[in-house]
Every structure is written in structure tokens, then in C-alpha cells.
Amino acid sequence: MTAPSNKPLANLDEWEDFVKDRYDEPGLPAKEFRAIDPEKKKEEFRNYAADARPSVREFYRLNHHYQTYDFVQAKKADFLKHDRRKMTVWEAAEYLNTLVDDSDPDTDLSQLQHLLQTAEQIRKDGHPRWFILTGFIHDLGKILCLWGEPQWAVVGDTFPVGCAYSDKIVFSDFFKDNPDSNVPRFQTELGVYERNCGLNKVHLSWGHDEYIYDVVKDRMPEEGLYMLRYHSFYPGHREGEYDYLMNDHDREMFKWVREFNQYDLYTKSHEKPDVAKLKPFYDDLINEFLPGKLSW
Ligand SMILES: [Fe+2]
């Protein structure tokens, strides 16, 4: 038998496109969990995830199987030492741009153009400079792929580990193969956590959110840090799950996470930003908040 592929997705955008399809309207829960829709029968929504393309399904199968509590601890112990490279933010963006996947260079944007597109839309809407910078750096953690990390340990909707899985996590059936499903202390509602302990004490499944948060955590405004750290936490910011792990401060800050999500999901277009023209503005912005070489 062949080992499962660590790259079931043709490219990382395949996951992003799937999320975008599920959350096709700003602010609403995923289609498959909407209880009332006058137009369509409930079953149609229930089958939505099951109808996903095989590559996306396989991606979630691997993610839900292998993202255990111990796996998260091990990845944090390794990557949060930040001993791999010293790079400026712009250098990190150019490094991410070397990620070669199966995207079509004629129709798809480069990783750098994606970042600029998100940031430029935030800028056009008149948001503060730290918010624009947050848009620019939010996916830089995808450089984990360049260090050999499998797709399921870089992207995917994140969820708490060490406590019961919400059935509103997409493809939650796949958690039956996660070894943590057989660990009783991980399967109570609170698991290893205390009620309303605050998300800072909660371990989410490992990926590009936690990584970029940790790179810049001492240097960006807290609202931006929440956006970076929780932008893929759809069960929390979109489905309203795991409220019992949040404190009032998390709830307040999640307004910003939801505000950011509009830009993350709905600003993608085929219009290609002019990298050379925009670089001076972003150099200034980076120098204002994140100057010099950072530890990655
Ligand atoms: Fe992301």
C-alpha cells in the first residue's frame, strides 16, 4: 500500500477556495450548517462537504487524523524556536513566493500578489496602517511548506486540541481516526482546559496562523495579533463554537477577527497588483512596525 500523499491539494488555494464556497455570504455560518433556507432543502446543505472534490476531502482526512494534542506540542517546540532563518518581512514574502505548486501562472496570482491584494483592499477601505500590514503578513506562515511540512500541517480550518471536537468542524467524521478520540481526558467538553480560560491558554491545531502570530507577537497591536492567530479558526469566528473556552476579552477581540475575515475570503480577484509599484509603500509600513530582520 502506498503512503498517503502529503500534498493531496494541487495548491493551497484549493483549500481557500473550498472555505470561500462554504462561507459564500459574509457573516453567515457554513452552508451545511444553516438550519433555515427558504430556497433549498436541508439535505442539500448537509451533503455539501461530502460533495467536495476528492483532493479536498483527502486533505481534511489527513488533517483530522494527524493533528493530535501531542503533534501540536511537538510542532510548537520545534518551529517556535524561530531558529531557521533571519529575514525581513519583505524577504519572507519573496521567499513564500518561491512556493511552487500546481497553480496556473496565467490565471492565478502569486503568493505575493495574494498578500498585496488583501492588504490593498484593506487600505482602500481606509483602515489603520497596522490593519493593512496585518493583511500583508497574514499568510506568510505558509513558508512552513517550504520547510517540508505537509499541507495538512500548514493550512486548514483550525480547531482546539485536547477537548471534544465540535460537530460543526467541517468533515468532523474524520476525527474518529484521530488517536486523541481514544483518550478520555481529551474528549470531555472542557478536556484539559478550564471553562472560559481564554484562548491564549488553548492549543489550536497547528498551522500557519499560530506560526506568523508567534513571529510578530511582541511588535503588532493586539487586534492584529488576534487576526493573525485566529483567521483560520472558522469553528470559532464563523460557527460560534467553543465559546466556553473564550473569555470576554477574546469575544471583544473576535469582532476584529470577523472584520478581517471579510478581506481574507472576499477580496480575491484576478486583477494582478503591481508589485514594483506597491513595494515602496509596504517597505515604509514594514519599517514602521516590523523593522529589520525577524527570526523565522
Ligand atoms: Fe491564511
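This write-up is about the structure you can find in this document. (Residues numbered from 1 in each chain as written. Predicted model: local features only at pLDDT ≥ 70, side-chain atom pairs only at ≥ 80, totals over all residues. Heavy atoms only, no water.)

### Here's the deal with unusual backbone geometry
With glycine set apart, most residues show a phi of negative sign, and most peptide bonds adopt trans. Positive phi values are uncommon outside glycine, yet Phe171 reaches one of about 60 degrees. In this structure Phe171 comes out as buried when scored by relative accessible area, which is 9%. Even without a glycine there, the phi angle at Tyr242 is positive, about 65 degrees. Take Tyr242: it is sitting in the loop between helix 10 (234–237) and helix 11 (248–266). (Buried < 20%, exposed > 50% of the residue type's maximum accessible area, 1.4 Å probe, protein only. Helix = DSSP H or I, 4+ residues; strand = E, 2+ residues; numbered from the N terminus.)

### Topic: the coordination of the iron ion
Note on metal sites: the ideal angle is 109.5 degrees for four tetrahedral donors, and 90 or 180 degrees for six octahedral donors. Protein coordination of the iron ion is provided by Asp139 (OD), His208 (NE2) and His231 (NE2), with donor distances spanning 2.0 to 2.2 Å. Classification of His208 as buried rests on a relative accessible area of 0%. (Donors = N, O, S within 2.8 Å, 3.2 Å for Na, K, Ca; no water.)

### Focus on the packing of helix 5 (residues 89–96) against helix 6 (residues 111–124)
The description of two packed helices rests on the angle between their axes and on the distance between the axes. Following both chains from N to C, one finds helix 5 and helix 6 inclined at 130 degrees, their axes separated by 7 Å at the closest point. Viewed along their axes, helix 5 and helix 6 adopt a mutual orientation that is oblique. For the pair formed by helix 5 and helix 6, the contact residues are Trp90, Ala93 and Leu96 on the first element and Gln111, Leu112 and Leu115 on the second. (Axes fitted to C-alpha atoms, helices over the stretch in contact; angles between N-to-C directions. Parallel < 35°, antiparallel > 145°, perpendicular 65-115°, else oblique. Contact = heavy atoms within 4.5 Å.)

### Notes on helix 8 (residues 208–216)
In terms of residue burial, helix 8 counts as a mostly covered element, since 9 of its 9 residues are buried. Within the sequence span of helix 8, burial applies to His208, Asp209, Glu210, Tyr211, Ile212, Tyr213, Asp214, Val215 and Val216. Along its buried surface, helix 8 packs onto helix 1 (13–22), helix 4 (69–79), helix 7 (129–137), helix 9 (222–230) and strand 2 (294–295).

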